[in-house]
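Structural features, examined
Listed below are the residues making up each chain.
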Amino acid sequence: MEFSLKHTSADRARSACIVVGIYEGGKMSPSAKAVDKASSGYLATLARRGDIRTKAGDCTLLHSVPEVGATRVLVVGLGKADQLGLKGFRDAVAAAVKTAASSGAHEMLLFSLEWESGDMAPADRAMHSVLVTGDVSYRFDRFKSRKPDGGATLSRLVIGASGKPSAAEDRAVAEAAALVEGVSLAKDLGNLPSNVCTPSYLAATARGIGKEHKFKVTVLERRDIEKLGMGSFLSVTSGTQEPPKFIVMEYSGGKKKDKPVVLVGKGITFDTGGISLKPSADMDEMKYDMSGAGSVLGTMKAVAGMKLPVNVVALVPTCENMPSGTATKPGDIVTSMSGQTIEILNTDAEGRLILCDALTYAERYDPSAVIDVATLTGACVIALGHVVTGMYANRPELAAELEAAGSSIWDRVWHMPLLDDYQEQLKSPFADIANIGGRPAGSVTAACFLARFAEKYAWAHLDIAGTAWKSGRHKGSTGRPVPLLTSFLMRHASR
Ligand code: BES
Ligand code: MN
Ligand code: ZN
């Protein structure tokens, strides 16, 4: 997908499909007005007759509009003037992209900068137009022998500006385009089956990003992981033949003295549950259990693509969780890199076991903040569904920053309680800590487990079990929370 911003007029522009907005009651956006004027009131006539619907997101595709340069004119309803807001704006763009794509147009000229939408600046509208278009036009068809739509897709979005675009708008489009690249990578990694997307594949992908953008990527092998004393991480990989990896990516866009933000991503490329085997229904979905890792890789790609002036380190512990004669068994006790011993009561609570060692490893960077991202608990899906990501933090400022970043880029989080009271549930009679805390508050106790390994720095945990992918007939990776993390880092960079 190609994105650009162009100074042009709606009536004269030569395009496969121009998109203009019209409000309920017939009020037209400036570009709709220009088309209406050129065509001697064609749009107004249709609107009066009720042939153009104007509820937010309604689409009417017109062909051969008189005296207009474009092949197709797509009129999008914007609802009641002044009531659009960010959500409505994004829905209207999404509806337009879907309609334009199914019309067979390869290119779309979208006049959305002028759509009145709450307190969004034109640069925000440009950014969200690009993000939504990238999201809606994403396809994953590399395993289809015959491409679903004959391979024809919308491949170019031009955002039309009636005035000369400002530097802020130009930058917003370029940055959003880089963000779309990161989101698409995270989606690809999530959607790839576990026989392709192995820990080695994730490592090769990380190396590729480092090579393309010229920053350091190191991949630690099993013997390195053993030397570091990551007994907790190693206990998860003990049932599989597939080699584990510990990926370290170091992007230094900031000043040397700036402390880095460390991102940690759960990279379980398949989660069978291990000896505490999962039921077989929908077990295929556990290929997405590396979505934390995928989103961290996607964020690194986006950040490097934008050349953001920040220092960011990505840590990705990655392996499979499989049952076998060599697998870890319930009741086994392991020693983590931090020295804390863990009684593994359920081998299906493996995410926290690989993350805790990565959190200890993060200490060496003297980080300004550490954010881990993980499809950690089914309990989080029960609590929050697929709308918001569960967020925990040991510093209120960090939680507030993530909340603000998430709302502005529409990749929202919900602040969950990280209270010491819940630590009770993790007590073990034999080791320092147990890896499960029983059924009540399963997402909270998982976060409390991680908190024990993140005491030395500002830390936040994102449980993306519900937000990283969609199930059902339209199942697939969402690419979340790449927008959230990237937005957080962009705000960090501009401070
Ligand atoms: N990867 C799963 C969490 C998960 C479940 C993500 C469903 C998305 C959808 C995780 O490793 C897991 O199995 N967690 C267990 C923890 C339990 C054993 C304490 C869970 O949530 O059931
Ligand atoms: Mn599990
Ligand atoms: Zn898991």
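None of the values given here were measured: they were computed from a predicted structure.

Further remarks concern the overall build of the protein. Helix and strand counts for the protein stand at 14 helices and 20 strands. Computed over its C-alpha atoms, the radius of gyration of the protein comes to 24 Å, within 12% of the 23 Å expected for a compact globule of 495 residues. Taking the principal axes of its C-alpha atoms as reference, the protein extends roughly 85 × 50 × 45 Å. The burial tally for the protein puts 59% of its 495 residues in the buried class. Of all intrachain contacts in the protein linking residues separated by at least 6 positions in sequence, the fraction that spans at least 24 positions is 77%. Accessible area for the protein stands at about 20,300 Å²; split by element, carbon and sulfur atoms hold 51% of it.

Every protein donor of the manganese ion (ligand 2) is accounted for by Asp271 (OD), Asp348 (O), Asp348 (OD) and Glu350 (OE), and the metal-donor separations fall at 2.0 to 2.2 Å. Classification of the site at the manganese ion (ligand 2) as irregular follows from its 6 donor atoms and the range of 70 to 168° in their angles at the metal. All donors of the manganese ion (ligand 2) come from a single chain, and their spacing in sequence reads D-x76-D-x1-E.

It is worth spelling out the domain arrangement of the protein at this point. In terms of domains, the protein is made up of domain 1 (2-143 + 152-161) and domain 2 (181-494). Each of domain 1 and domain 2 was reduced to a C-alpha centroid, and the two centroids are 38 Å apart. Listed per partner, the contact involves 11 residues of domain 1 and 13 residues of domain 2. A combined buried area of about 1,000 Å² lies between domain 1 and domain 2, and 64% of that area is made up of carbon and sulfur atoms. Its largest share of buried area at the contact with domain 2, domain 1 owes to Tyr138, Phe140 and Arg142, together 42% of the area lost on that side. On inspection of domain 1 and its partner domain 2, the count reaches 1 salt bridge. A salt bridge links Lys187 to Asp135, with the nearest nitrogen and oxygen atoms 2.6 Å apart. The interface formed by domain 1 and domain 2 holds 4 residue pairs in polar contact (both at pLDDT 80 or more) in total.

In this structure, Val19, Trp115, Met249, Leu297 and Leu462 are the most contacted members of the largest nonpolar core, which totals 103 residues. Not counting residues within four places of it along the chain, the set of residues in contact with Val19 comprises Leu74, Val76, Ala96, Met108, Leu109, Leu110, Phe111 and Trp115. In terms of nonpolar packing, the next biggest core, distinct from the first, is built from 47 residues, Ile342, Phe449, Ala451 and Trp459 among them.

Next up on the list: the coordination of the zinc ion (ligand 3). Surrounding the zinc ion (ligand 3) are the protein donor atoms Lys266 (NZ), Asp271 (OD), Asp289 (OD) and Glu350 (OE), at 2.0 to 2.4 Å. Coordination geometry of the zinc ion (ligand 3): the 6 donor atoms subtend angles of 78 to 175° at the metal centre, consistent with an arrangement described as octahedral. A separation of 3.2 Å is found between the zinc ion (ligand 3) and the manganese ion (ligand 2), which are bridged by Asp271. Taken together, the residues span a long stretch of sequence, with Asp271 in strand 10 (residues 267-271) and Glu350 in the loop between strand 13 (341-344) and helix 10 (351-362) at a distance of 79 residues. You'll find Asp271 and Glu350 in the same group, each marked buried.

Under the defined criterion, the tally for this structure stands at 8 aromatic pairs. Between Phe215 and Tyr251, the aromatic rings sit 5.7 Å apart at their centres with planes inclined by 85°, giving edge-to-face as the arrangement. With a gap of 36 residues between them, Phe215 in the loop between helix 6 (199-213) and strand 7 (216-220) and Tyr251 in strand 8 (residues 245-252) connect regions that are remote in the sequence. The class of Phe215 is buried, set by a relative accessible area of 10%. Taking the centre distance of 6.4 Å and the plane angle of 55° together, the rings of Tyr361 and Tyr365 count as tilted. As far as the burial class goes, Tyr361 and Tyr365 line up, both buried. Within the aromatic cluster, the residues linked to one another by ring pairs are Phe233, Phe246, Tyr361 and Tyr365. Across from the ring centre of Trp410, 3.9 Å away, lies the NZ or CZ of Arg412, which sits over that ring.

Strand order in the open sheet made by the 3 strands is 12-13-17, with mixed pairing throughout. Each of the sheet's edge strands pairs with one partner strand only, and the pair in question is strand 12 (332-335) and strand 17 (433-434). By the bridge criterion, 2 bridges tie strand 13 to strand 17 in an arrangement that is parallel. Paired with Ile342 across the two strands is Ile433, which belongs to strand 17.

This next bit is on the state of the cysteines. Simply put, the disulfide is a covalent bond whose two ends are the sulfur atoms of two cysteines. Applying the stated criterion to the full structure yields 0 disulfides. You can see Cys17 has no disulfide; the closest cysteine sulfur is in Cys59, sitting 9.4 Å from it. With no disulfide of its own, Cys380 lies closest to Cys448 among cysteine sulfurs, the gap being 13 Å. Judged by relative accessible area, which is 2%, Cys380 ranks as buried.

Time to look at the pairing of strand 4 (residues 72-77). Within strand 4, 6 of the 6 residues are buried, which leaves it mostly tucked inside the rest of the structure. Of the two faces of strand 4, the one lined by Arg72, Leu74 and Val76 and the one lined by Val73, Val75 and Gly77 are each fully buried. Pairing between strand 2 (residues 18-22) and strand 4: 5 bridges, direction parallel. Each residue of the ladder has a partner; that of Val19, found in strand 4, is Leu74.

Neighbouring ligand 1 are 16 residues; Lys278, Asp289, Asp348, Glu350 and Gly378 lie closest to it. Between ligand 1 and Asp271, the relevant distance is 2.9 Å, taken from an oxygen atom to a side-chain nitrogen or oxygen of the residue. Within the backbone of Gly378, a nitrogen or oxygen atom sits 2.7 Å from an oxygen atom of ligand 1. Computed on the free molecule, ligand 1 has an accessible area of 520 Å², of which 78% lies beneath the protein chains in the complex.

A few words now on helix 6. The end-to-end C-alpha separation of helix 6 is 21 Å, in line with the 21 Å expected for 15 residues at 1.5 Å each. On its buried side, helix 6 packs onto helix 5 (167-191), strand 7, strand 8, strand 10, helix 9 (291-306) and strand 11 (311-321). Just downstream of helix 6 lies Lys214, where phi reads positive at about 55°.

Taking strand neighbours across the sheet as the criterion, the 6 strands line up as 1-6-5-2-4-3 in an open arrangement whose pairing is mixed. The open sheet terminates on both sides in strands that have one partner only, identified here as strand 1 (2-7) and strand 3 (59-63). The mean inter-strand angle of the sheet, taken between neighbouring strand axes irrespective of direction, is 25°. Strands strand 1, strand 5 (107-110) and strand 6 (156-161) of the sheet are contacted by helix 4 (residues 122-136), whose axis makes an angle of about 160° with strand 6.

What counts, and at which threshold
Throughout this document, residue positions are counted from 1 along each chain, in the order its sequence is written. Lettering for chains starts from A, numbering for ligands starts from 1, and both go in the order in which the items are written. Local features in a predicted model are, by the rule used here, given only for residues with pLDDT of at least 70; side-chain atom pairs are given and counted only at 80 or more, and totals for whole chains, interfaces and linings are based on all residues. For the side-chain quantities, the full set of heavy atoms in the structure was used; hydrogens and water were omitted. A run of DSSP states H or I qualifies as a helix once it reaches four residues; a run of E qualifies as a strand once it reaches two. Both are numbered from the N-terminal end. The reference for a compact globule is 2.2 Å times residues^0.38; the radius of gyration itself is calculated from the C-alpha atoms. Three labels apply to residues, based on accessible area from a 1.4 Å probe with only protein chains included: buried if under 20% of the type maximum, exposed if over 50%, partly exposed otherwise in between. In what follows, residue pairs with any heavy atoms lying within 4.5 Å of each other are defined as contacts. Only the protein chains shown count as cover for residues, and all accessible areas are computed by the Shrake-Rupley method using a 1.4 Å probe. Only N, O and S atoms count as donors, using a 2.8 Å limit from the metal and a wider 3.2 Å limit for Na, K and Ca, and since water is excluded some coordination spheres may look unfilled. Labels for metal geometry use angle windows, namely 85 to 135 degrees for all angles of a four-donor tetrahedral site, and for square planar (four donors) or octahedral (six donors) sites opposite donors over 155 degrees apart plus all others within 65 to 115; sites meeting none of these are irregular. These domain boundaries are the output of an automatic or database domain assignment. The buried area of a pairing is the accessible area, by a 1.4 Å probe, that goes missing from both parts when the two are put together, added over both. Should a side-chain nitrogen of Lys or Arg be within 4 Å of a carboxyl oxygen of Asp or Glu, the pair is scored as a salt bridge. Nitrogen and oxygen atoms within 3.5 Å of one another constitute a polar contact, given that in protein one can donate a hydrogen and the other can accept it, and given that sequence-neighbouring residues count only through two side-chain atoms. In these notes, a set of buried Ala, Val, Leu, Ile, Met, Phe, Trp, Tyr and Cys residues joined through side-chain atoms within 4.5 Å is what counts as a nonpolar core. Any pair of Phe, Tyr and Trp rings, taking the six-membered ring for Trp, is counted once the centres come within 6.5 Å. Such a pair is stacked with planes under 30 degrees apart, edge-to-face with planes over 60 apart, and tilted for the rest. Whether a charge lies above a ring is judged from NZ of Lys or CZ of Arg, which has to be within 6 Å of the ring centre and within 35 degrees of the ring normal. Paired strands are those between which DSSP finds at least two bridges. Any pair of cysteine sulfurs within 2.5 Å is marked as a disulfide. We call a residue near a molecule or strand whenever a single non-hydrogen atom of that residue lies within 4 Å of it. For a helix, the expected span equals 1.5 Å multiplied by the number of residues minus one. Here, axes are lines fitted to C-alpha atoms. For helices the fit covers the stretch in contact, and angles between N-to-C directions go from 0 to 180 degrees.

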